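Structural description and commentary
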Amino acid sequence: MHHILSRNAWFRDLPDALAEGILVEGRLRQVDDETIFRTGDEANGVFALISGQIRVTQMTSEGRAALLMIATPGAWFGESSMLDGKTRSTDAVAIGKAVVLQIGRSGFARLTHNNPAHYAPFVQILCERYRKALDHIVHTSGLPLTVRLAQRLADLGRGHGRKEKSSLVIDLRLSQEELAGSLGVSRQTINKALKDFERRGLIAVGYASATLLKPAALEKLARAEVPLPADIG
């Protein structure tokens with residue numbers, strides 16, 4: 001388990017005492033298409049993913065589910081409610097079978113109570129997410145939807161794609177509504193954009209999955225090197 005957690009630079013840089021404390025306080029939990037926590041739940045711990053994948057989503061002000069992240073082994077999630085004591089603002093759901101390391105409320109308290117050197121690293125996780133979110137907003141807010149969609153698909157392909165010949169299969173049970181919410185558009189708009197990508201031979205869309213037929217072309221479009229003739233939405 002230690003070698004999986006060490007894939008994350010945050011864990012590798014922890015003081016030895018805190019890293020060992022996490023291994024002592026953490027409890028392994030096996031899940032299968034199960035909810036880890038939902039919006040409105042009381043904080044039930046901070047989590048590290050050991051195996052499998054976890055989808056983290058949040059509802060937009062328009063009531064759409066937006067994809068925030070798909071965690072891969074070594075990733076940490078669920079820290080914000082543990083730090084501020086408020087209820088959950090996101091949903092975290094296992095995609096198929098997964099194993100998580102859960103540090104519960106009492107374990108977290110034992111690790112961090114009256115110990116700023118152990119509390120600060122968990123704040124660092126939150127600060128890093130905040131910085132990445134701001135960078136993403138700054139660098140994508142003015143881009144056409146075609147470019148932003150290509151960026152999201154290319155990113156999912158790099159992180160979660162299963163190679164099949166020259167294609168990448170993204171099988172994450174990701175709904176068009178979640179994809180649309182993450183890009184700030186309606187499901188109808190994202191459906192139109194996906195169909196346009198299909199028509200151009202870039203992707204093939206299945207039920208809750210997508211195949212990147214031309215990953216290199218999508219990567220170029222994601223860098224806005226090959227703009228499409230007309231944007232969508």
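Scroll up for the structure.
Numbers given for residues are sequential positions, taken from 1 along each chain in its written order. At least 70 in pLDDT is required for a residue's local features to be given in this predicted model, at least 80 for side-chain atom pairs to be given and counted, and no such filter applies to totals for whole chains, interfaces and linings, which use all residues. Think of the side-chain values as coming from all heavy atoms in the structure, minus any hydrogens and water.

Quick look at the packing of aromatic side chains
Between 30 and 60 degrees the pair is tilted, below 30 it is stacked and above 60 it is edge-to-face, where a pair is any two Phe, Tyr or Trp rings, Trp via its six-membered ring, whose centres lie within 6.5 Å. Enumeration according to the criterion identifies six aromatic pairs in this entry. Ring plane angle 40° and centroid distance 6.0 Å describe the contact between F37 and F47, whose orientation is recorded as tilted. Residue F37 is found in strand β2 (residues 35-37), and its partner F47 is found in strand β3 (residues 46-51); the two are separated by 10 residues along the sequence. Grouping residues by exposure puts F37 and F47 together as buried. To qualify as a helix, a DSSP run of H or I must reach at least 4 residues; to qualify as a strand, a run of E must reach at least 2; elements of each kind are numbered from the N terminus. Only protein chains enter the calculation, and the probe is 1.4 Å; a residue is then buried if its accessible area is under 20% of its type maximum, exposed if over 50%, and partly exposed in between.

Overview of the sheet that holds strand β1 (residues 27-32)
Pairing between two strands requires that DSSP report at least two bridges joining them. With antiparallel pairing, the four strands of this open sheet are ordered in space as β1-β8-β3-β6. The sheet is open, and its two edges are formed by β1 and β6 (76-77), each paired on a single side. Against the sheet, helix α3 (residues 16-25) touches β1, β6 and β8 (97-103), its axis set at about 115° to β8. Contacts are assigned to residue pairs with any non-hydrogen atoms lying within 4.5 Å of each other. Helix axes are fitted only over the stretch in contact, all axes being lines through C-alpha atoms; the angle between N-to-C directions runs from 0 to 180 degrees.

Details of helix α9 (residues 187-199)
For α9, with 13 residues, the first-to-last C-alpha span of 18 Å sits near the 18 Å given by 1.5 Å per residue. Turning to α9, its buried residues number three or more, namely I190, A193, L194, D196 and F197. For α9, the angular spread of the buried residues around the axis is 155°, confining them to a single face. Exposed and oriented more than 90 degrees from the buried face of α9 are Q188, K192 and R199. Buried positions along α9 lie against α7 (145-160), α8 (176-183), β11 (203-206) and α10 (215-222). To estimate how far a helix should reach, multiply one less than its number of residues by 1.5 Å. Starting at the helix axis, one direction is taken to each C-beta atom, and the arc is that of these directions.

Things to note about the nonpolar core
Within this scheme, the nonpolar core is defined by two criteria: the residues are buried Ala, Val, Leu, Ile, Met, Phe, Trp, Tyr or Cys, and they are joined through side-chain atoms within 4.5 Å. In terms of nonpolar packing, the biggest core is built from 28 residues, with L149, L153, I190, F197, I203 and L218 touching the most fellow members. Of all the elements in the fold, those that place two or more residues in this core are β5 (65-71), α7, β10 (167-170), α8, α9 and α10. Considering every element that reaches this core, the biggest residue donor is α7, with seven residues. Among the nonpolar cores identified, the runner-up in size contains 22 residues, and F11, A19, L111 and I125 belong to it.

Focus on the pairing of β8
Within β8, six of the seven residues are buried, which leaves it mostly tucked inside the rest of the structure. The pairing of β1 with β8 spans six bridges and is classified as antiparallel. Among the inter-strand pairings, R29 is bridged to a residue of β8, identified as V100. Of the pairings in the sheet, the one linking β3 to β8 comprises five bridges and is antiparallel in character. Residue pairing across strands places F47 opposite Q102, the latter belonging to β8.

Side note on unusual backbone geometry
A positive phi angle, close to 55°, is found at D33, a residue other than glycine. With respect to the helices and strands, D33 occurs in the loop between β1 and β2. Positive phi, close to 55°, is recorded for R173, a residue that is not glycine. Relative to the helices and strands, R173 resides in the loop between β10 and α8. Accessibility expressed as a relative area gives 43% for R173, which makes it partly exposed.

Quick look at the sheet that holds strand β12 (residues 209-212)
Ordered in space as β9-β10-β12-β11, the four strands form an open sheet in which the pairing is antiparallel. Taken across any chain shown, the strands that pair with only one partner, and hence form the sheet edges, are β9 (162-164) and β11. Direction aside, the axes of adjacent strands within the sheet are offset by 25° on average. Pairing geometry for β11 and β12, over four bridges, is antiparallel. In the strand pairing of β12, V205 is matched with A210.

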